[in-house]
Amino acid sequence: MEQNDLVFIQDQIGYKFNNPDLLQQAFTRRSYTVENGGENNEVLEFIGDKILDFVVVKLLSEKFGYTLSECGEYIESEDFDEFFCEKDESELTEIKKALVQKATLAERIDILRLADFLIMGKGDIQKKAHKEASVKEDLFEAILGAVAIDSNWDMSRLQSAVEIMLDPDSLLGDEGTINYVSLIYDWFSKEYKSTPEFKYDHSSYYDETCGLRSANEVRSEIKRDPSFHIINVDEYYQSHFKCWLNLFDKVFIGYGTSKDSARKDLCAMIYSYLKEHGLLYSIRDEIDNPNKDDSISQLEILARRGYFSVPTYSFEQTYDTNGNPIWKSTCSIVEKDKVFSAESSSKKDGKKSAAYKMLQYVLSD
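In this report, the structure presented in the accompanying data block is examined. Remember, it's a predicted structure, so these values are computed and weren't measured experimentally.

## Details of the overall build of the chain
So, point 1. Of regular secondary structure, the chain possesses 17 helices and 8 strands.
So, point 2. Across the 365 residues in the chain, those meeting the buried criterion constitute 44%.
So, point 3. Of the contacts made within the chain by residues no fewer than 6 positions apart, 58% connect residues no fewer than 24 positions apart.
So, point 4. If you sum the accessible surface of the chain, you get close to 19600 Å²; carbon and sulfur atoms cover 47% of it.

What follows is the structure in C-alpha cells.
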C-alpha cells in the first residue's frame with residue numbers, strides 16, 4: 001500500500017496509526033495471504049465486531065439514558081440515583097441492529113471510498129469481492145480491530161473512530177435536525193465523484209484566537225453567524241479538536257470537544273457557504289430516475305439527506321364484493337401537509353404506489 005493511500009485512509013477514519021502495518025493488515029484478505037503468506041484481517045475483524053457492538057451500545061446509552069443527577073435534579077438521601085432510558089430494551093435492540101447491520105457498514109465503506117484499497121488474492125480479484133457487502137462489512141470491523149490494537153484499547157479513540165466512520169447521526173439524528181455531515185459527503189460525491197478529505201488535530205477556537213475574548217464575547221460572535229448554530233456555545237468555546245478542509249482555495253475550520261463534533265461544526269459551516277453562493281443541489285437533483293418500483297427507497301434517501309423525516313406508512317385491509325382482499329396503503333411525512341393513499345390487491349404494490357405519489361409531490365413542491 002502506497003504512503004499516500006495510508007494517509008488518505010487515516011484521514012477518512014480520523015485516526016493516525018503508530019504502526020501503519022496494522023492498518024495495512026486490516027485491508028489484507030485471507031485470499032492474499034494464502035497465495036503470498038503473511039497475516040490477514042480475519043482476527044482484526046473479530047475484534048472490531050465486538051468493539052463496534054460495545055461502542056454503539058455506549059453511544060445509545062449516552063443518547064437515550066440519564067440519571068437524575070446528570071439532569072441537575074436534587075437527589076434526596078433516601079432516593080436512588082437510578083439510570084433511566086427513553087427507549088426500552090426492544091427499541092434499543094432494533095436501533096443497534098440498524099446501526100451495525102451489514103448494509104449500513106457496507107454503505108459507510110462506500111461513502112468513505114475505502115473498498116478499493118483492499119489487498120486481495122487472484123480469486124477475490126476475479127470475482128470482484130471488493131464490491132460485496134459482506135466484504136465491506138468485514139473491512140469496517142477489521143479497521144476498528146486495528147485501531148484497538150494500535151491504540152492499546154484506548155476507549156476515547158475507539159469511540160472517535162466509530163463516530164467518524166459510522167456517522168450514527170445519519171440514523172439517530174433527532175427529528176427536525178439536519179445532518180450536515182451526510183449532506184457534505186453527498187455534495188462531494190455529486191460534485192467531484194469523491195469524498196471530502198477532512199484533517200483533524202488537537203486545538204481549540206479559544207487557543208487560535210489568542211484567548212483574548214471572553215466566553216460571552218465568543219457567544220455573541222457565534223450567535224451572529226448562523227453557520228455555527230448546530231453546536232453548544234460552551235462546547236465551541238471549550239473545544240479540544242479542530243477539523244479542517246481545503247475547498248475553493250479556502251481553508252474551512254470547525255471546532256468541537258470531539259473529532260466528530262468538530263466535523264459537524266465544519267460541515268455546517270461549509271453547507272452555509274454553499275447555500276450562500278448558490279452551490280447546493282436541489283431536491284430534484286437528488287433522484288436521477290424517479291419511479292414507482294424504487295420510490296420507497298428513493299424517499300428514504302431524501303429523508304437521510306435531511307430534506308424531511310423518514311416517511312411512515314399505514315395499512316387498512318378491506319374486501320371487494322368477491323371477498324378478495326384490498327389493501328389501502330397511506331404514506332405520510334411529518335413536515336408535509338398532504339398524505340397519499342393507494343389501493344391494491346397487494347400490500348407491497350399499494351405501498352409502492354402511495355410512496356410514488358408522495359415522491360412526485362415532494363419533488364415538485
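## Quick notes on the sheet that holds strand E4 (residues 241-247)
So, point 1. Taken in spatial order, the 3 strands of this open sheet run E3-E4-E5, and their pairing is antiparallel. Edge positions in the sheet fall to strand E3 (199-202) and strand E5 (250-256), since each of these pairs with one other strand and no more. With strand direction ignored, the average angle separating the axes of adjacent strands in the sheet is 25°.
So, point 2. Bridge count between E3 and E4: 4 bridges; the pairing is antiparallel. The partner of His-202 across the bridge, within E4, is Phe-241.
So, point 3. Helix H15 (residues 259-276) contacts E3, E4 and E5 of the sheet and is inclined by roughly 140° relative to E5.

## Quick notes on the sheet that holds strand E8 (residues 340-344)
So, point 1. Pairing within the open sheet is antiparallel, and its 3 strands lie in the order E6-E7-E8. Whereas interior strands pair on both sides, the edge strands pair on one side only; in this sheet they are strand E6 (312-319) and E8. Each neighbouring strand pair of the sheet contributes to a mean axis angle of 20°, computed without reference to strand direction.
So, point 2. Packed on one face of the sheet, helix H17 (residues 347-364) meets E6, strand E7 (325-332) and E8 and runs near 150° to E8.

## As for the pattern of salt bridges
So, point 1. Going through the model one piece at a time under the given rule, you end up with 16 salt bridges.
So, point 2. Residue Asp-49 pairs with Lys-50 through a salt bridge whose shortest N-O separation is 3.3 Å.
So, point 3. Relative accessible area serves as the criterion here: at 45%, Lys-50 is assigned to the partly exposed category.
So, point 4. We note a salt bridge from Glu-94 to Lys-97, for which the minimum N-O separation is 3.4 Å. Remark: Lys-97 and Glu-94 occur in helix H5 (residues 89-100); sequence separation between them is 3 residues, near one turn of the helix.
So, point 5. When its relative accessible area of 48% is taken as the criterion, Glu-94 is described as partly exposed.

## Remarks on unusual backbone geometry
So, point 1. We note that Phe-248 has phi near 55°; this positive angle belongs to a residue other than glycine.
So, point 2. Considering the arrangement of structural elements, one finds Phe-248 in the loop between E4 and E5.
So, point 3. One non-glycine residue, Asp-249, adopts positive backbone phi at about 60°.

Conventions used here
- Along each chain, residues carry numbers from 1 onward, in the same order as the chain's sequence is written.
- Where local features are concerned, this predicted model is filtered to residues with pLDDT of at least 70; where side-chain atom pairs are given and counted, the filter is 80 or more; whole-chain, interface and lining totals use all residues.
- The basis for every side-chain value is the complete set of heavy atoms in the structure, and neither hydrogens nor water enter the calculation.
- Helix and strand assignments come from DSSP, with helices taken as H or I runs of at least 4 residues and strands as E runs of at least 2, each series counted from the N terminus.
- Each residue is assigned to one of three classes by its accessible area relative to the maximum for its type, calculated with a 1.4 Å probe on protein chains only: buried under 20%, partly exposed between the two thresholds, exposed over 50%.
- Note on contacts: a residue pair is in contact if any heavy atoms of the two residues lie within 4.5 Å.
- Per-residue and other accessible areas were derived by the Shrake-Rupley procedure at a 1.4 Å probe size, with only the shown protein chains allowed to occlude residues.
- Should DSSP find at least two bridges between two strands, the strands are regarded as paired.
- For helices, the fitted axis covers only the stretch in contact; all axes are lines through C-alpha atoms, and the angles between them, taken along N-to-C directions, range from 0 to 180 degrees.
- Here a salt bridge means any side-chain nitrogen of Lys or Arg lying within 4 Å of a carboxyl oxygen belonging to Asp or Glu.

Function cannot be inferred from these measures alone, as they are strictly geometric.
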